[in-house]
Amino acid sequence: MGKLDDLLLEIISDILSRLLAESVLECKLVSKSWKDLVSHRSFSQLHLNRLNIDDSGKLGFIFTTNTMHYTMYDEISGTCIRTARDNFRTPAIISGYYAVAFCNGLVCFDAAYGDDWKYFQPSFILNPITREYVMLPRIEIKVQVMCGFGCIPSTNVYKVIRMYELADKHVQVEVYTFGSGNGWRDVGQIDYPFGRNRLPGVFVDGAVYWFLPGQSSIAAFNLADERFSQVPSPPFLFYYYSLHLGVLGDFLCATYPIYGLSSCSFDVWVLKKNNENHGMSWIKQFNLVGYEPFTFTKSGGVICCGAGRTNLYR
């Protein structure tokens, strides 16, 4: 019976991995065995893998306002076909929160504590499938904190980075490694001029990236060796403070507004490997009029948002 039971659980796991996230949450209420199955670490990865190979033209998203929601975008109709609210409850000490980074189905949240809404910091990592979360140790001084979140692909080790400016204008860098039990580790100081940039870092292929307006370049933090390097920015610098980093497909992208007399368009550049010299180079992929790019679809289209609506470009 042991092997038969294992086979049955494997079949159930395969079926549940094809459901939407909110439906998976409801399945946890069926029985203890289903709850244990869905709560197991391997199920989240199985569910994510299933989403990545799904060819139905549907994309799932998580977004936060004052609560957390799931939505499903249908590429064929070009509309959001389903939106559901999640009743996830944060710890009582958190007064406000918002999602800042995503990696393999996990979500990193910045949060404020108590009545002080001015200072946000990376506070917890949530698994939306199981609603389980890990609280991060707080920083007790009142500073503006920049953060990043990602994992090392070869080891599946997850790390959170937080950075804050010291009195001497240097930037303190600290790393939290999941499962290490070491808390936040001091990995040194840098003198990069982040200026007014407080946007969270963008995770792509083992590194987290931040734009450096003062140097017109991009800082890259390698999660494996925990070292910084710099990447040249795309070849435009007229309004470089407006540059926005993101992820399109599996690539780091940079979106840059072009202001006209009566309209605004967006140039979208993607950082890709250069086959000629085995380096990296920026390639202009799109120019979108009136809409800012949001994400790639699996057929190669681009979902854009603007003026309270979404558009699909192919």
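The shown structure was predicted, so the numbers you read here are calculated from the model rather than taken from an experiment.

What counts and how
- Residues numbered from 1 in each chain as written.
- Predicted model: local features only at pLDDT ≥ 70, side-chain atom pairs only at ≥ 80, totals over all residues.
- Heavy atoms only, no water.
- Buried < 20%, exposed > 50% of the residue type's maximum accessible area, 1.4 Å probe, protein only.
- Helix = DSSP H or I, 4+ residues; strand = E, 2+ residues; numbered from the N terminus.
- Pairing = 2+ DSSP bridges.

Let us look at the pairing of strand 10 (residues 171–177). Strand 10 sits mainly inside the fold: seven of its seven residues count as buried. Side-chain alternation along strand 10 places Val171, Val173, Val175 and Thr177 on one buried face and Gln172, Glu174 and Tyr176 on a second face that is also buried. Where strand 9 (residues 157–165) and strand 10 come together, seven bridges link them in antiparallel fashion. Of the residues in strand 10, the one forming a bridge with Lys159 is Thr177. If you look at the hairpin formed by strand 9 and strand 10, you'll find five residues sitting between the two strands, and Lys169 has a positive phi there, around 75°. Examined bridge by bridge, strand 10 and strand 11 (residues 184–190) share six bridges and lie antiparallel to one another. What sits directly across from Val171, in strand 11, is Ile190. Between strand 10 and strand 11, which pair antiparallel in sequence order, lie six residues; one of them, Gly179, sits at a positive phi of approximately 85°.

Summarising burial for strand 5 (residues 106–113): eight of the eight residues are buried, a large majority. A two-sided burial pattern is seen for strand 5, the buried positions comprising Leu106, Cys108, Asp110 and Ala112 on one face and Val107, Phe109, Ala111 and Tyr113 on the other. Across eight bridges, the pairing between strand 4 (residues 94–103) and strand 5 is antiparallel. By the bridge assignment for strand 5, Cys103 is matched with Leu106. Counting the residues in the hairpin turn of strand 4 and strand 5 gives two residues, including Asn104, whose phi is positive at 50°. The sheet contact formed by strand 5 and strand 6 (residues 121–127) spans five bridges and is antiparallel. Paired with Ala111 across the bridge in strand 6 is Gln121.

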